[in-house]
Structures are given as C-alpha cells and as structure tokens.
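Residue strings, one per chain:
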Amino acid sequence: MKKLIRAEFYRLIHSSHCLIYVIGLSLLGVLFPFMQNGFIINRQVFASGIPTGIMFALISVGISIGRHYKSRTACYEIMDGASAHSIIISRIVVYTSLIFVFYYIPLSVLLMIFDNGDNLYFILLVLIIILRLLFFTVFVSLIFKTAEGAALPFARFLIEMLPAMLYSTGELDLSDAESFLEWYPLFQCLSLGTKTVENTFILKIIIGFVIESAVMYVFAYISYSRKWNVRSAFT
Amino acid sequence: MGQTVIEIKGITKAYRKTTVVDNFNLLVEKGHICGLIGPNGAGKTTIMKILAGLTRADSGEISFFSGREPIDACRSKMSFMIEAPIIDYEMTAYDNLAYLRYVKGYPDMGRIDEVLELVGLENTGKKKCRKFSLGMRQRLGIAMALLAKPEILVLDEPVNGLDPEGISDVRAMLKRLVEESKATILISSHLLSELSELCTDFTFINHGKVIESLSAEELRVRCRNFISLRTNDINRTAEVLKDRLAIRDFSVCHGDIIHIFEQIDNIERISKAVTDSGLIITLLYEEGQSLEEYYLKKVADMNEKADKG
C-alpha cells in the first residue's frame, strides 16, 4: 500500500498542478468565514462557514481522483495486481492527510485564535463531520471513476445545505424535523455552532459517520471488483 | 517442452449478446515471443485485458508461471501495453515513468533515463505528453512497459503509429529483451508481416476463436514454395530425383504427387531429367504462398465455415 500512497502523491504533485488546486481550494475554504464576516468572528461564524469551505476542498479532491481514471493511469494499479482494499485505503490516506493538514489544522488554529471559548468538543466533532464528507467524496469518485463523479458530492452539499441554512437563519421552521436532520453532516455542522452539545447529538455524529463510511466503502469495493479483476486480499 | 508461463484454458467473454472470446486456449513458454494474429475485432485486445485484470472473463481459467502463485501476485512481474499507451498527458515522459516506478515499487531510479534512451525520448525534457506525436506516445508506452524489467510482456499492437524505422527499432528492442533477460512476450497485431521476423510462435485468431497455433518453423515450412510433380511411375521418379539430380528434400503426397522443396528455380532441368528417364509427366508446376497469404486464407476459410454454419 505504501507504494500506492507514494505514487498518488507523486501524481498529485506532477500532474496538472493537482496538489496546488487541492491545497489552494482547501485554504480558500478555511478563509471563507473571514470573507463573509471580516475578522470579527466566533465559533458560530466558523460553523456556518464550514459547509461552503469544505465544499471547495472536496470538489478539488473529487476532480483530482476523477482525473486519475480519465487518463486511465489508475489501470496501472490494477495491472500491477494491487488489491481493491489497498487502492481504496491508499486514496483515503492520501486525501485525508491533505485535507487534515491544509484544511482541518488551519481551521482549528484560527478558531482557537479568534474564539476564546472551550472549543475542544467542537474541534473534535467537526473533524468527524469533515471525515464523513471527505470519505463520501472519495468513495463516490472511486465508484464513478470519472472527474464528473465530483458532481454528486456537490449535489449532496446543495441538497443538504439549503434546509440547513434556512433553518440556521430562522427563515424555516424545522423544529419537528430537527431530530431527523441531526443525522446529516451539514446540519450537524451548523448545529454545533449554535447549540449546546448533547450526548445523543454526539452519538448521531459518530454513528452517522461510521454507517455512511462503511456502506460507501462496500459500494466502492463492489464497484472495483465488478469492473476489474482485482485481488480481494491486502497486499 | 519448456516452462509454461502463460496458460489460458477455455476463456469465454461476451458483451451483452456478442461473444468476443469463445473458448480460447493458449500456452506460451518461457523465453518465447508469441504472436497473436487476427483481424480487427477478432478478440485480441479482450484476451489481453483479461490477462491484465482489466476485464473479467465469463468462464475459463488463466494462470501464470505454471500457477505457482496467485494470478494477481504474478501481475507485478508482468507489464502490459493494451490499446493506446496509458499516459497522463499533463505530465512529462520522465514523470510518467517516475509515477509508474512508484506504482510498481521498482527501486532503480536510473532505469528511467535508461528506458527513455532506449526508446529515443531522452531529449523530451519538460515537454508535456499532450504535445507528443502519435509515434512518441507509442514509444513512451513501450518505455513504460519495459521500465520494471518484466518477466512477461503483453503488448497489444505496439507498433501502431510508428514509422518503418520505429517498427524496426521496437523489433530489435524486444529481441534484445528476450535474449538478455529471458523475458516472455505475448504480442498482438492484425498484420502478420509486422511480426513474422520477431515471433517464435504464432496463434491465429478470428471471431474470438483459435484458428491455428504453430511455431515459426512450422509456419515457414507451410508457406515455403515447392514444385508439384506427378508422373506415370512415382517410385522411379523418386529414384531419378535422388540419383540424377541429387535432390533429397522432397515428399510424396496423396500417393502420387511429389512435392520438391529443393532446386525450385531449376524446374526445366527437373522436367528434362524426368522425361529423359522415359517417364511421362502428367503434372508439373510451382506453388506456395507468402505468410500473409497463408494467414488470410486461414481467416477466409474460417469465415466461410461460419457463414455456412
């Protein structure tokens, strides 16, 4: 798996400045709350800026993975006998480390600088939400195997974001559906900025992440196994 | 018989209702160059994709290196170039090779410059592959196939788009690879003439089925020119050929026709010697066919059978 991780980093650095796009859009996502509100900023503003910010970063991830399939360079991994598990996990490792370093860490540091409150829970729970959205993007890209596959995570953002934004601004009364919407990551994100965190809410964030990631992993694995004659065991 | 490194048993593959590979069998021995010859759409690429793991066969079995290791593990010792070369057009030739070096975990960085020089792309520098000509892309594809010094090389129409000099270079390169590293090559083409000087074995394929598998020597024997001779006394004619003309390389076919493989240019001398011996010639002519004619006849025969069926 190490060689697949190294190869993916090499490709990102040398092909069409993919890495620059991922880093640039991630940092742009981090700075998005400042674009909206200037430097007078707190946890709530950060929380409302995360959905749009992470969308920038994840679109670049989806396109970078999609380009790998469009150029057919992904076939080299199959022709070298790599296992489907190794391929999927190597992609997760590469893009998680990039998003962690260039989105999550700067976001956390800026939050601690601009908000003096106790933000540890917020930071940890945001990490889980970001990972859930990142894994969804990676798995969808692996399933679709085209750059156009990045459109599906984008569509998900739009579908989830609209009611979440209307709810957070008070324009829509969704109090009856609140406990249902709390299962969705963008709504979770906005709620983290405004609400006191309860144990059931934390559980919903964790369980939602685990179930969605596991289901999407299985779909990605089945997609690989059906399309190509890949090894089923780890290398 | 040497060690079998590629074994395909009864592979069948259909796309919807069209069967593109039909109960296909093939054995390739270590150190051999096996030519898979067939017209466009014969199923050559599909067979190679199945070997590479890029397509699943509906039925049948494949094994590499006599089945000692799982198929996927064997693939790391193999290289494939199937259809158009797989290249990231936004990278340079060097970067493409460096990327593949990481995928294959090949340790020697110096090998990249070596293969670039081997295929004549050492001076491409920072030029992106999207600016390469068709021939340059093909050369890079071959360099990528050769990068990790594979034990088995599977090449699908590798000389497509190359000029005559390029084709000759590729042939020499592949011959050298087999001589130096005892690699095994499975190579496809729709033109027998492209591979006739290179391959040690040939498998003709059409409509996904094997028409014939034979060695280069067998093919040459079947394609060489000869004189057909029939007389009123076949035994005496054989004696005349041996004693008066010193011809040793001939055979008697169907009981009454002699095929003479020597002194084909001396048909008049043979005729004179036979008639001077009091024999009556009832049939005398030269026949034979080129490799291409032989192959085309096989394909035509199969098509005819299929039409009748």
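Quick look at the structure, then. Given the structure is predicted, the values throughout are model-derived calculations rather than measurements.

1. Concerning the overall build of chain A
Logical step 1: When its secondary structure is counted, chain A shows 10 helices and 0 strands.
Logical step 2: Relative to the 2.2 N^0.38 estimate, which gives 18 Å for 235 residues, the radius of gyration of chain A is 18 Å and therefore close to what a compact globule would have.
Logical step 3: The 235 residues of chain A split such that 57% are buried.
Logical step 4: Intrachain contacts of chain A at a sequence separation of at least 6 include 78% that bridge at least 24 residues.
Logical step 5: On chain A, roughly 10300 Å² of surface is accessible, and the fraction owed to carbon and sulfur atoms is 70%.
Logical step 6: For chain A, the distance from the average position of its 17 positive side-chain charges to the average position of its 14 negative side-chain charges is 18 Å.

2. Some details on the environment of Gly31(B)
Residues and elements named next belong to chain B.
Logical step 1: Topologically, Gly31 is positioned in the loop between β2 (18–29) and β3 (33–37).
Logical step 2: A relative accessible area of 22% places Gly31 in the partly exposed class.
Logical step 3: Linking Gly31 and Lys9, residues 22 residues apart in sequence, is a C-alpha distance of 20 Å.
Logical step 4: Leave out the neighbours within four places in its chain, and Gly31 touches Val178, Lys182, Ala183 and Thr184.

3. Side note on the state of the cysteines
Residues and elements named next belong to chain B.
Logical step 1: Counting across every chain of the model gives 0 disulfides over all chains.
Logical step 2: You can see Cys199 has no disulfide; the closest cysteine sulfur is in Cys34, sitting 6.9 Å from it.
Logical step 3: The exposure class of Cys199 is buried, given its relative accessible area of 6%.

4. Re the sheet that holds strand β13 (residues 281–287) of chain B
All names here are of chain B.
Logical step 1: A sheet is described by the order of its strands in space; here 4 strands give the open sequence β11-β12-β10-β13, paired in antiparallel fashion. Looking at which strands have only one partner, the edges of the open sheet turn out to be β11 (250–253) and β13. Going from strand to strand, the sheet's axes swing by 20° on average, the running direction of each strand aside.
Logical step 2: In this sheet, β13 lies alongside strand β10 (residues 226–231) in antiparallel orientation, the contact comprising 6 bridges. In the sheet register, Arg230 faces β13, and the bridge partner there is Leu283.
Logical step 3: Here helix α9 (residues 234–243) sits on the sheet in contact with β10, β11 and β12 (257–260), set at roughly 20° to β12.
Logical step 4: Sitting on the sheet, helix α10 (residues 267–276) is in contact with β10, β12 and β13, with an inclination near 165° to β13.

5. Focus on the nonpolar core
The tendency in soluble globular proteins is for nonpolar side chains to be buried as a group.
Logical step 1: Counting residues in each nonpolar core, the largest one holds 154 residues, and the members touching the most others are Leu186(B) and Phe202(B).
Logical step 2: No other element matches the 17 residues that helix α6 (residues 120–144) of chain A contributes to this core.
Logical step 3: For Phe202(B), the contacting residues outside a window of four places in its chain are Gly35(B), Ile37(B), Leu192(B), Leu195(B), Ser196(B), Glu212(B), Ser213(B), Leu214(B), Ser215(B), Ala216(B) and Leu219(B).
Logical step 4: By size, the runner-up hydrophobic cluster in this structure holds 16 residues, among which are Ala238(B), Val240(B), Ile247(B) and Ile260(B).

6. Some remarks on α6(A)
Logical step 1: Spanning 25 residues, α6(A) covers 36 Å between terminal C-alpha atoms, matching the ideal 36 Å at 1.5 Å per step.
Logical step 2: Downstream of α6(A) by one or two residues, Lys145(A) has phi in the positive range, about 60°.

7. Details of helix α3 (residues 43–70) of chain A
Residue and element names in this part refer to chain A.
Logical step 1: Taking 1.5 Å per residue as the helical rise, α3 with its 28 residues ought to reach 40 Å, and the 40 Å between its terminal C-alpha atoms agrees with that figure.
Logical step 2: Along α3, the helix axis deviates most sharply at Ile50, where the bend reaches about 40°; the proline Pro51 sits within four residues downstream.
Logical step 3: For α3, the tally of buried residues reaches 20 of 28 residues, placing the bulk of the element in the interior.
Logical step 4: Two residues or fewer past α3, Arg72 is found with a positive phi of approximately 65°.

8. Focus on the interface of chain A and chain B
Logical step 1: Taken together, the contact pairs 27 residues of chain A with 30 residues of chain B.
Logical step 2: Approximately 2700 Å² of surface area, both sides summed, lies buried where chain A meets chain B, with 56% of it carried by carbon and sulfur atoms.
Logical step 3: The tally of links from chain A across to chain B stands at 2 salt bridges.
Logical step 4: Asp88(B) is the partner of Arg67(A) in a salt bridge, and the nearest nitrogen-oxygen pair spans 3.5 Å.
Logical step 5: For the interface between chain A and chain B, the tally reads 9 residue pairs in polar contact (both at pLDDT 80 or more).
Logical step 6: At the level of elements, α1 (2–14), α3, α4 (75–79) and α10 (199–227) of chain A are the ones that each hand at least two residues to the side of chain A that touches chain B.
Logical step 7: The leading source of residues in the side of chain A that touches chain B is α1(A), at 6 residues.

9. With respect to the packing of α6(A) against α10(A)
All names here are of chain A.
Logical step 1: The geometry of α6 relative to α10 is characterised by a closest axis approach of 9 Å and an angle of 15° between their N-to-C directions. Between α6 and α10, the angle is such that the two are roughly parallel. At the point where α6 passes α10, the crossing takes the left-handed sense.

10. Regarding the pairing of strand β5 (residues 78–81) of chain B
Residue and element names in this part refer to chain B.
Logical step 1: Neither face of β5 is open: one carries Met78 and Phe80, the other Ser79 and Met81, and all of them are buried.
Logical step 2: Looking at chain direction, β5 and strand β6 (residues 152–156) are connected through 4 bridges and run parallel. In the strand pairing of β6, Met81 is matched with Leu155.

11. Some details on a nonpolar patch on the surface
Logical step 1: Side chains of Phe180(A), Trp183(A), Tyr184(A), Leu203(A), Ile207(A), Ile211(A), Val215(A) and Phe219(A) sit close together on the surface and give an oily, nonpolar patch of about 750 Å² of accessible area.
Logical step 2: Using a relative accessible area of 33% as the deciding quantity, one classes Trp183(A) as partly exposed.

12. Topic: the pattern of salt bridges
Logical step 1: For the structure shown, the criterion picks out 16 salt bridges over all chains.
Logical step 2: Close ionic contact of Glu160(A) with Arg156(A) constitutes a salt bridge, the shortest N to O distance being 2.8 Å. Of this pair, Glu160(A) and Arg156(A) both sit in helix α7 (residues 151–168), 4 residues apart, which is roughly one turn of the helix.
Logical step 3: The salt bridge involving Lys13(B) is made with Asp58(B); its shortest N-O contact spans 4.0 Å. Of this pair, Lys13(B) sits in strand β1 (residues 4–15) while Asp58(B) sits in the loop between α1 (44–52) and β4 (59–64), and the two are 45 residues apart along the sequence.

What counts and how
- Residues numbered from 1 in each chain as written.
- Chains lettered and ligands numbered in written order.
- Predicted model: local features only at pLDDT ≥ 70, side-chain atom pairs only at ≥ 80, totals over all residues.
- Heavy atoms only, no water.
- Helix = DSSP H or I, 4+ residues; strand = E, 2+ residues; numbered from the N terminus.
- Rg over C-alpha atoms; globule rule 2.2 N^0.38 Å.
- Buried < 20%, exposed > 50% of the residue type's maximum accessible area, 1.4 Å probe, protein only.
- Contact = heavy atoms within 4.5 Å.
- Areas by Shrake-Rupley, 256 points an atom, 1.4 Å probe, with all protein chains shown as cover.
- Lys, Arg positive; Asp, Glu negative; His and termini not counted.
- Charge placed at Lys NZ, Arg CZ, Asp CG, Glu CD.
- Disulfide = S-S within 2.5 Å.
- Pairing = 2+ DSSP bridges.
- Axes fitted to C-alpha atoms, helices over the stretch in contact; angles between N-to-C directions.
- Core = buried A, V, L, I, M, F, W, Y, C linked by side-chain atoms within 4.5 Å.
- Expected span 1.5 Å × (residues − 1).
- Bend = angle between axes of the 7 residues up to and from the residue.
- Buried area = accessible area lost by both parts, 1.4 Å probe.
- Salt bridge = Lys/Arg side-chain N within 4 Å of Asp/Glu carboxyl O.
- Polar contact = N/O pair within 3.5 Å; in protein donor to acceptor, adjacent residues only side chain to side chain.
- Parallel < 35°, antiparallel > 145°, perpendicular 65-115°, else oblique.
- Left-handed = near helix turned anticlockwise from the far one by under 90°.
- Patch = residues over 30% accessible without salt bridge, like charges linked within 9 Å, V, L, I, M, F, W, Y side chains within 5 Å.

Worth remembering: the numbers are spatial, not functional.
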